[in-house]
Amino acid sequence: MSAAADTKEQVAALGEKYKYGFVTDIEMERAPKGLSEDTVKFISAKKGEPEWMLDWRLGAFRRWSEMTEPNWARVHYPKIDYQDAYYYAAPKAPEKKLSLDEVDPKLLETYAKLGIPLSEQKMLAGVAVDAVFDSVSVATTFKAKLNEAGVIFCPMSEAIRDYPDMVRKYLGTVVPVSDNFFATLNSAVFSDGTFVYVPKGVRCPMELSTYFRINASNTGQFERTLIIADEGSYVSYLEGCTAPMRDENQLHAAVVELVALEGAEIKYSTVQNWYPGDENGKGGIYNFVTKRGDCRGARSKISWTQVETGSAITWKYPSCILRGDDTVGEFYSIAIANHYQQADTGTKMIHLGKNTRSRIISKGISAGKAQNTYRGLVSVHPKAVNARNYTQCDSLLIGGKCGAHTVPYIESRNSSARIEHEATTSKIAEDQLFYCLQRGISQDEAVSLIVNGFCREVLQQLPMEFAVEAQKLVGISLEGSVG
Amino acid sequence: MNAALPSREARRAEALESFRVRGMPHRRFEHWKYSDLRAVLDAGQVAQSGTAAWQVEKLPEGVELFDLGKLDAPELVMRNLGAIGAKPTMKEASLAFADGGVALRVPRGRKIAEPVTLHISSTGNVRLLAVLEEESSLTLMESHTGDAGLLRNVGVEIALGTQARLSHVRFAASAPKSITIEHIGVAEARGAQYRAHFANFGSRLSRTELHILLQEEDAEAHLSGVNVLGDEGHADLTSHIEHVAGNTRSTQLFKKVAGGHSRAVYQGKITVREGANGSDSRQTAKALLLGGRAEADLKPELVIFADDVKCAHGAAVGDLDPESLFYLRSRGVPEAEARHMLIRAFLEDAVAEIENEELRASVWHAVEHALPHAVRVSP
């Protein structure tokens, strides 16, 4: 019994554990406050965008003006005043840096505090980093290798300039401009993001990562990511969001679009650790993200893996449209909510093609006064002969003040489809804790062990570099002994 | 005539206003996503459908029956009218538009062995109220037949006193021309038990909705049901069980066979309120799709605000297992017979939940009768 009480205390003691919440004082360039056609034009002009892009943004803005904010998710927050925010903020760094010495030392300090010094990051074998600060040393190291393979990996603004045809062909085809309130907002004001194109038959020689860029550039509130894997290609993309937030604006509304053509495979991994607010629920990021992958060609595969530990509110449903025959969609998720955090996350698997398969493994952990919801849809359309789905969503509750909710939708319109869904909700078993304690394992370690065991199936899906970080995060978020 | 009268009229006026304001449910209401009532019926038709007739055959000794149309029920019974469970719009409509219905009361300590059978076969709105006092028990068979078209809208309320026990079997024959709506509100005191089985063979649009409140410790609810749908049938079972108090238990087991163009829907929501520790809840919903154009929609939902709970749900949709079919055929069982055998096996455990042997047999009989219709259309 004291075991449970201790756990609660530890969880409560986690208040100041968010070590990334510092602010670096760098001169910023902002768009005027508020959102209007002028703001959209300002952003587009800042980016030096072509006419068609501006039109696209303005179209989105007009749609957005007529939309209402969704309220179906199990999250509660004060009404957002969209006019009381900045929609563009970038560090004033107009000239290209030729070497690290020219980078603002304060920024380098920030990197150091984050524990990812550039020099070390450079040596992280196999991870190419899209660094907006153009520190030649980093960017070029991998660019050469990627170029050799024909892989395009660049900021979205650069792609709009250099590969307009490709961007026009694919942008907004997976998440349409007016898909939902937040995606439409993003379409109007997205500041930057990442563009990836992997050519036919190419296996991307390294894991691509945006770790740096989001940390450094501070354009990260409305990113737009577009990844295209051409026929028979493979790419693994890592997105790390352990970031200091330097903006007053707490809203983060990103859109990610994945397109997998025939036989291609995209693996997309996220470790999200935005500032979750303090232990009284004050502050924190509203993370309203639209992520969707389209298995457009036959035999393609898209796999989402996410570890969601941060943000005051998470509203996120990475989905797969299994359009081609024999396509595969996967969703592996760990969502941890502590204190007053609210997470409403899940996935959609839309089976359109024949012999399509999907797998959903979701692990939700709630502690403190947090609310954690899994919301998912498995939909089998009439032509999806022999579609298969397996879903497992488990919830773990720590303490009697939190909530764990499961809302799965299962819709089948094909008699040859087979769908299975299982869900359980439980607390950390006293007998498991007792077993560990009795063998001399400390309370802290025991909780960490049990929670990590609970998440194991998902952690295994993460690339090595992230798996280590994710395991640590699980510890930080819940145990209080790490970090 | 009695003290409850004015309050009853006030409650009906309130219900009418509530129905007017909220209007007909449609698919943009998340809870009505799979049963678009507004598409097949308008509010005027609900009002015009009047009051449905009911009939109770052979009332067992010890059960008191009151005709809600005659307003002769004691205050003890009447105070429950329109007061149990949620007040969804169609239930409010049944209260507002039904000038009749039936109230049953089982006095304290009376255990009634013989089932009470309630027949409803006409169209219109009707109310049913069952009050089981402390330590009493009853088996209630609610039988829906007839396919006169348009709407049958039933509002049911059940109050179970301490340790009271109700076995409820709702049987709905196939009615491809009719729209049948029923809302059942159940409030349970300590140690009470509500067992219910829903055998539904489909209507043009059929919706059975439950809202069960396990208000005190050791209250239990055990729901089960089968659908066998052929051609154009639709059957939606939507349940919401709230574990208000701790150490309460609920189980649900639903099996659905959908052939032809039919649609089988299950939406089951479990809420465990804060502090309701020791709640134990299990939900299973499985659908067998036989028709090439049949559809199954399952949504087992958990909303949990307490940590010391055991909650699990499982759902599955699929076709008959080809290996089992092969096994039977390899032993000389003709395909049609093998398929029947496997479907019966699929439904078996849900039907077995019916405690009363006679009622169980009658449900099996109806299943046997309905199966050829569901299987007939080849994929």
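The rules we used
- Residues numbered from 1 in each chain as written.
- Chains lettered and ligands numbered in written order.
- Predicted model: local features only at pLDDT ≥ 70, side-chain atom pairs only at ≥ 80, totals over all residues.
- Heavy atoms only, no water.
- Helix = DSSP H or I, 4+ residues; strand = E, 2+ residues; numbered from the N terminus.
- Buried < 20%, exposed > 50% of the residue type's maximum accessible area, 1.4 Å probe, protein only.
- Contact = heavy atoms within 4.5 Å.
- Core = buried A, V, L, I, M, F, W, Y, C linked by side-chain atoms within 4.5 Å.
- Axes fitted to C-alpha atoms, helices over the stretch in contact; angles between N-to-C directions.
- Parallel < 35°, antiparallel > 145°, perpendicular 65-115°, else oblique.
- Left-handed = near helix turned anticlockwise from the far one by under 90°.
- Nonpolar A, V, L, I, M, F, W, Y, C, P; charged D, E, K, R; others polar.
- Buried area = accessible area lost by both parts, 1.4 Å probe.
- Salt bridge = Lys/Arg side-chain N within 4 Å of Asp/Glu carboxyl O.
- 1 Å grid on protein atoms, 1.4 Å probe; cavity = no way out; pocket = protein on both sides within 12 Å on 5 of 7 lines; lining within 4 Å.
- Points joined across faces, edges and corners; volume = space filled by probe spheres on them.
- pLDDT = per-residue confidence, 0-100.

> Looking at this structure, how should I read the side chain of Arg339(B)?
Residue and element names in this part refer to chain B. Mapped onto the secondary structure, Arg339 falls in helix 6 (residues 335-351). Overall, the relative accessible area of 18% leaves Arg339 in the buried class. Excluding residues within four positions of it along the chain, Arg339 makes contact with Leu290, Asp319, Leu320, Leu325 and Val375.

> Please explain the nonpolar core as it appears in this structure.
What tends to happen in soluble globular proteins is that the nonpolar side chains get buried as a cluster. Counting 99 residues, the largest nonpolar core has Leu208(A), Ile158(B), Leu160(B), Tyr194(B), Phe198(B), Ile212(B) and Leu223(B) as its most contacted members. Residues contacting Leu223(B), with those up to four places away along its chain left out, are Tyr194(B), Ala196(B), Phe198(B), Leu210(B), Ile212(B), Ser239(B), Ile241(B), Thr251(B), Gln252(B), Leu253(B) and Phe254(B). Counting residues in each nonpolar core, the second largest holds 48 residues, with Ile43(A), Ile80(A), Cys154(A) and Val189(A) among its members.

> I'm lost on the packing of helix 11 (residues 430-438) of chain A against helix 12 (residues 443-459) of chain A in this one. Help?
The description of two helices packed together rests on the angle between their axes and the distance between the axes. Residues and elements named next belong to chain A. Packing of helix 11 against helix 12 brings their axes to within 9 Å, and their N-to-C directions diverge by 130 degrees. Judged by the inter-axis angle, helix 11 sits oblique to helix 12. Pair helix 11 / helix 12 crosses with right-handed handedness. Residue-level contacts link Gln432, Leu433, Cys436 and Leu437 of helix 11 to Gln443, Ala446, Val447, Leu449 and Ile450 of helix 12. Across the contact of helix 11 with helix 12, the residue classes break down as seven nonpolar, two polar and no charged.

> Sorry if this is basic, but what is going on with the interface of chain A and chain B here?
Think of interface size as the accessible area that goes away when the parts come together; that is how it is often given. The partner chain B presents 38 residues to the 31 residues of chain A that form the contact. Interface area for chain A against chain B, summed over the two sides, is near 2,700 Å², with a carbon-plus-sulfur share of 46%. Contact with chain B buries surface across chain A, with Tyr409(A), Ile410(A) and Ser415(A) losing the most and accounting together for 21% of the total. Here chain A and chain B share four salt bridges between them.

> Help me out: how do you make sense of the layout of surface pockets in this one?
To find the voids left in a structure, one rolls a probe of water-molecule size over its atoms. Space inside the largest pocket adds up to approximately 1,500 Å³. Elements supplying a minimum of two residues to the lining of the largest pocket: strand 12 (286-295), strand 20 (371-380) and strand 22 (403-412) of chain A together with strand 11 (203-214), strand 15 (263-272) and strand 17 (295-304) of chain B. Looking at the lining of the largest pocket, the element that brings in the most residues is strand 12 of chain A, giving four residues.

> Looking at this structure, how should I read the confidence of the model for chain B?
Close inspection of predicted coordinates is inappropriate for parts of the model with low pLDDT. All names here are of chain B. Per-residue confidence for chain B averages 92 on the pLDDT scale, and 97% of its residues sit at or above 70. Of the regions scoring below 50 in pLDDT, residues 1-5 engages in seven contacts with residues more than four places distant in sequence or in other chains. Predicted complex metrics record ipTM = 0.89 and pTM = 0.87.

> Would you take a moment to explain empty space enclosed by the protein for this structure?
All names here are of chain B. A full pass over the atoms with the stated rule returns 14 cavities of 30 Å³ or more. As a volume, the second largest cavity reaches approximately 110 Å³. Around the second largest cavity, the lining is made up of 14 residues, and of these Ser167, Arg195, Glu353, Ile354 and Glu355 lie nearest the centre. Mapped onto the lining of the second largest cavity, the elements with two or more residues apiece are strand 8 (165-172), strand 10 (193-200) and strand 12 (220-229). Looking at the lining of the second largest cavity, its residues break down into four nonpolar, seven polar and three charged.

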